[in-house]
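Now for the letters of each chain:
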Amino acid sequence: MNNSNQDKDTIVLTGDRPSGSLHLGHYVGSLANRIDFQNKYNQFVMIADVQALTDNFATPAKVHDNVFQVACDYLAVGIDPTKTTIFIQSLIPQIAELTIFYLNLVTVNRLRRNPTVKSEIKQKGFGENVPAGFLIYPVSQAADITFIKAKLVPVGEDQIPVIEQTNEIVRSFNRTYNTDILIEAQAIVPKVARLPGTDGQAKMSKSLNNAIYLSDSADVLAQKVKSMYTDPNHIKVSDPGNVEGNTVFTYLDVFDPDKQEVEALKEHYKRGGLGDSVVKKRLVDVLENFIAPIRTKRLEFEKDKSYIMNILRLGTEKTKDLAAKNMVEIKEVMKLNYF
Ligand code: TRP
């Protein structure tokens, strides 16, 4: 077997919580990588509706609608359902079963100490009233990753502790049941710098209201760029300006194909004499060129819901078969095989 065939046997799993449609931060941080990985690996992308419910349990309609929206985003950016298996988490009952089994191998204190969980609890303002389902989501994510025997798990940096906990569960399971059936997963963290929000904050996110969506209209896009954070000390056009931490330049670095021109603009900006509005105008054009074809495809997909839902159905069915097969083996080592 040659190398490329081995890679095609390597299972990659990633996922998103469907709590909103996807934005440029998602594109840079994960979607671009998926478009690349689908040509190299056996890639599965999970729409994590169950995990989305851990902090959106009271708004199920929102989660439901966003399953479709996120699927439209995937296909519009070029995730190809003939190469990538897209599936819906809640339709794989084995994930819920495994979660229950794994909970025996994890202490409540260990979950409370998980840095990802800790910071999300703070960020979501749960205070003392942390839903148990939220507290244990790393265990459910361990089930997501292991039911399919994923080897590579592309995630954002903030998810690394969750993957570490997954691997602890894998080791504990294998030790406890004297098996090597579960495999440890390797987190793949994007090498590219995280895209800041339009307000200059480190993270682009729906809750911070600083995101540019793949579905934004040309007008909305232009407006968001106009209000973007630049150098607060660059007041007059003639003032020398700072390009470090200047969101407009950060975005040009990522999305403008003409790197030479970007360098020239930076030099001009630093010298003084280049107005923010000129640079922003360029960024509007650059981003519009990037988003326009995605937006067009996305609108077509949105109009054809049955086509999208059929892709999700087929991907889910394929995943179900694999889940059933792996679960037989897992139940066997846990002596949950009766008849
Ligand atoms: N927790 C991930 C996030 O918030 C989403 C997710 C759920 C996931 N299950 C997963 C990612 C399994 C990778 C593998 O981004």
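Residues numbered from 1 in each chain as written. Predicted model: local features only at pLDDT ≥ 70, side-chain atom pairs only at ≥ 80, totals over all residues. Heavy atoms only, no water.

Chemist: Can you break down the site of the ligand residue by residue, with the values?
Modeler: The full set close to the ligand counts 13 residues, and Met46, Gln51, Gln141, Asp144 and Gln159 are the nearest of them. The side chain of Arg17 places a nitrogen or oxygen atom 3.4 Å from an oxygen atom of the ligand. If the ligand stood free it would expose 360 Å²; the protein chains cover 87% of that surface. Elements supplying a minimum of two residues to the shell around the ligand: strand E1 (11-16) and helix H9 (137-146). Of the residues that constitute the shell around the ligand, the class distribution is six nonpolar, five polar and two charged. (Near = heavy atom within 4 Å. Polar contact = N/O pair within 3.5 Å; in protein donor to acceptor, adjacent residues only side chain to side chain. Areas by Shrake-Rupley, 256 points an atom, 1.4 Å probe, with all protein chains shown as cover. Helix = DSSP H or I, 4+ residues; strand = E, 2+ residues; numbered from the N terminus. Nonpolar A, V, L, I, M, F, W, Y, C, P; charged D, E, K, R; others polar.)

Chemist: Break down the packing of helix H11 (residues 218-226) against helix H14 (residues 276-303) for me, with residues and values.
Modeler: One can describe the packing of H11 onto H14 by two numbers: an axis separation of 10 Å at closest approach and a directional angle of 145°. Helix-helix and strand crossings are classified by hand; for H11 and H14 the assignment is right-handed. From H11, Ala218, Leu221, Ala222, Val225 and Lys226 reach across to H14, where they touch Lys280, Leu283, Val284, Leu287, Glu288, Ile291 and Arg295. Partitioned by chemical class, the residues of the contact of H11 with H14 number eight nonpolar, no polar and four charged. (Axes fitted to C-alpha atoms, helices over the stretch in contact; angles between N-to-C directions. Left-handed = near helix turned anticlockwise from the far one by under 90°. Contact = heavy atoms within 4.5 Å.)

Chemist: So what's going on with H14? Residues and values would help.
Modeler: Taking 1.5 Å per residue, 28 residues should reach 40 Å; H14 reaches 38 Å between its end C-alpha atoms and fits that length. Of all the bends in H14, the greatest, near 35°, is centred on Ile291, and the proline Pro293 appears no more than four residues after it. Listed as buried for H14 are Asp276, Val279, Lys280, Leu283, Val284, Val286, Leu287, Ile291, Ile294, Arg295, Arg298 and Phe301. Looking at the buried side of H14, the elements it contacts are helix H2 (24-37), helix H4 (60-77), H11, helix H12 (247-255), helix H13 (259-271) and helix H15 (305-333). (Expected span 1.5 Å × (residues − 1). Bend = angle between axes of the 7 residues up to and from the residue. Buried < 20%, exposed > 50% of the residue type's maximum accessible area, 1.4 Å probe, protein only.)

Chemist: I'd like a description of the nonpolar core, backed by residues and values.
Modeler: Leu24, Tyr74, Ile212, Tyr251 and Leu287 are the most contacted members of the largest nonpolar core, which totals 50 residues. If we skip the residues at most four places from it in the chain, Ile212 touches His23, Leu24, Thr198, Met204, Leu221, Lys224, Val225, Met228, Tyr251, Leu287 and Ile291. Membership of the second largest hydrophobic core comes to 40 residues, among which are Leu98, Val117, Ala150 and Leu182. (Core = buried A, V, L, I, M, F, W, Y, C linked by side-chain atoms within 4.5 Å.)

Chemist: So, the pairing of strand E2 (residues 42-47): which residues are in play, and what are the values?
Modeler: On a regular strand, each side chain points to the face opposite its neighbour's, so the side chains alternate between the two faces of the sheet. Most of E2 sits inside the fold, with five of its six residues counted as buried. Bridge analysis of E1 against E2 gives six bridges, and the strand direction is parallel. Bridge assignment links Gly15 to a residue of E2, and that residue is Met46. Read from E1 through H2 to E2, the crossover connection turns out right-handed. Alignment of E2 against strand E3 (residues 84-88), held across five bridges, turns out to be parallel. When the sheet's bridge partners are listed, Phe44 is paired in E3 with Thr85. (Pairing = 2+ DSSP bridges. Right-handed = clockwise from strand over helix to strand, strands pointing away.)

Chemist: Which residues make up the pattern of salt bridges, and what values do they have?
Modeler: Applying the stated criterion across every chain yields a total of 20 salt bridges. Lys124 is the salt-bridge partner of Asp55, the closest N and O atoms lying 2.8 Å from each other. One end of the pair, Asp55, is in helix H3 (residues 49-56); the other, Lys124, is in helix H7 (residues 115-124), and 69 residues separate them in sequence. Judged by relative accessible area, Lys124 falls into the partly exposed class, the value being 28%. Between Lys224 and Asp216 there is a salt bridge, with its nearest N and O atoms 2.7 Å apart. Taken together, the shared-partner salt bridges connect Asp73, Arg298 and Glu302 into one network. (Salt bridge = Lys/Arg side-chain N within 4 Å of Asp/Glu carboxyl O.)

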